[in-house]
Amino acid sequence: MDKAVELRAGIIMPVLVSDGLEVLAFALDAEPDVVRATGVCLNDEERRRAAGLRLERDRRRFVVARGQLRRVLASRLGLSPSDVEFEYGPLGKPQLSHRMPAFDLRFSTSRSGDVGVIALSTTQEVGVDVEAVLPVPEADEIAALCFSAADYGSYIALGPEDRLEGFFRRWTRLEAVSKALGCGLGQPISWDEKDWLVRRFVPRRGYIGSVVIRNWRSRDVTTH
């Protein structure tokens with residue numbers, strides 16, 4: 001597995017920077033004062049979404065994830081985090097409001113367990129996914145249902161010791177592409193690997209992430 005980054009609460013760490021693409025990672029679990037400081041910029045709708053979550057842990061993690069997103073975007077736009085405005089696609093994909101300066105800045109977010117990630121692109125559409133590497137009893141069935149023929153073939157060819165990590169490498173890539181396209185995995189996806197540049201990263205030991213951007217020149221996709 002790639003070298004992991006040591007994340008600390010309240011600190012945003014770069015985990016990948018390359019040709020107009022940037023991936024930032026941060027810990028979601030933090031002390032109450034850090035959560036409050038991070039969440040002061042949320043709007044009323046975001047506070048209602050947080051309040052609607054059943055578990056206190058999930059409420060804290062949502063506040064931190066949304067607050068850090070606002071902070072990162074505000075730093076790029078030259079605004080206060082509370083002034084960042086979003087619009088949403090037909091299936092709920094967030095993007096910057098057309099009223100924002102540099103509204104063509106693309107971003108994607110993901111979180112799993114105690115880790116949140118934000119991907120930014122100044123050139124092409126972007127999608128990111130991160131997952132905690134935990135046992136998935138139904139992995140083979142999910143792979144057969146969701147993976148492309150090529151991905152499934154390479155997955156089932158892996159030895160038992162490599163199967164779990166191999167599943168998450170392929171799963172995070174598929175999730176990242178679906179986010180870049182603005183659809184969920186429950187929606188039918190038609191995509192060609194040659195249309196995407198794929199990069200893998202490890203934001204913390206025990207996690208795997210993939211980020212994708214459009215490849216309009218149809219160069220070979222980097223796969224692992």
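Read on for a plain summary of the structure. A quick note: this is a predicted structure, and the numbers were derived from the prediction, not measured.

**Describing the sheet that holds strand β5 (residues 106–112)**
One open sheet holds the four strands; their spatial order is β1-β2-β6-β5, and the pairing between them is antiparallel. Each edge of the open sheet carries a strand with a single partner, namely β1 (13–18) and β5. Within the sheet, the average angular offset between the axes of one strand and its neighbour, ignoring direction, is 15°. Where β5 meets strand β6 (residues 115–121), seven bridges bridge the pair, whose relative direction is antiparallel. Within β6, the position partnered with Arg111 by the bridge is Gly116. Relative to the sheet, helix α3 (residues 56–77) contacts β2 (21–27), β5 and β6, its axis offset from that of β2 by approximately 145°.

**A look at the sheet that holds strand β7 (residues 126–132)**
As summarised here, the arrangement of the three strands in space is β7-β9-β8, forming an open sheet in which the pairing is antiparallel. In the strand order of this sheet, the two ends are held by β7 and β8 (196–201), each with one partner. Neighbour-to-neighbour, the strand axes of this sheet turn through a mean angle of 15°, independent of strand direction. Of the strand pairs in this sheet, β8 and strand β9 (residues 207–214) are connected by six bridges, and their pairing is antiparallel. Its bridge partner being in β9, Trp196 is matched across the sheet by Arg214. Strands β7, β8 and β9 of the sheet are contacted by helix α6 (residues 160–181), whose axis makes an angle of about 145° with β7.

**So, α3**
Look at α3: 32 Å from first C-alpha to last across 22 residues, which is about the 32 Å you get at 1.5 Å a residue. The first or second residue beyond α3 is Gly78, which carries a positive phi of 75°.

**Re the pattern of salt bridges**
Under the defined criterion, the tally for this structure stands at 14 salt bridges. Among the salt bridges present, the one from Arg59 reaches Glu56, with a minimum N-O distance of 2.8 Å. Here the residue Arg59 and the residue Glu56 both occupy positions in helix α3, the gap between them amounting to three residues, near one helical turn. On the accessibility criterion, Glu56 (41% relative accessible area) is partly exposed.

**Remarks on the pairing of β7**
Among the seven residues of β7, seven are classified as buried, and the element is accordingly described as predominantly covered. The alternating pattern of β7 places Val126, Val128, Val130 and Ala132 and Gly127, Asp129 and Glu131 on opposite faces, both of which are buried. Summarising the sheet, β7 and β9 pair through seven bridges and their orientation is antiparallel. Bridge pairing in β9 places Val128 opposite Val211.

**Regarding the nonpolar core**
Formed by 25 residues in total, the largest nonpolar core has its most connected members in Leu73, Leu96, Phe107 and Leu120. Take this core: its biggest share by element is nine residues, from α3. Residue contacts for Leu73: discarding those within four places in its chain leaves Val84, Phe86, Leu96, Leu105, Phe107 and Leu120. By size, the runner-up hydrophobic cluster in this structure holds 18 residues, among which are Leu7, Val23, Val128 and Leu197.

Conventions adopted
Within each chain, residues carry numbers counting from 1 in the order of the written sequence. Totals for whole chains, interfaces and linings use every residue, but because this is a predicted model, local features are given only for residues with pLDDT of at least 70 and side-chain atom pairs only at 80 or more, for both listing and counting. The side-chain values count all of the structure's non-hydrogen atoms but skip hydrogen atoms and water molecules. Whether two strands pair comes down to DSSP finding at least two bridges between them. Secondary structure elements are taken from DSSP: a helix is a run of H or I of four residues or more, a strand is a run of E of two residues or more, and numbering for both begins at the N terminus. Lines fitted to C-alpha atoms define the axes here, with helix axes fitted over just the stretch in contact, and angles between the N-to-C directions of these axes take values from 0 to 180 degrees. By definition, residues are in contact when any of their heavy atoms lie within 4.5 Å. Under the convention used throughout, the expected extent of a helix is 1.5 Å for every residue step, that is, one less than its residue count. Think of a salt bridge as a Lys or Arg side-chain nitrogen and an Asp or Glu carboxyl oxygen that are within 4 Å of each other. Only protein chains enter the area calculation, which uses a 1.4 Å probe; residues under 20% of their type maximum are buried, those over 50% are exposed, and those in between are partly exposed. Nonpolar cores are built from buried Ala, Val, Leu, Ile, Met, Phe, Trp, Tyr and Cys residues. Side-chain atoms within 4.5 Å join them into one set.

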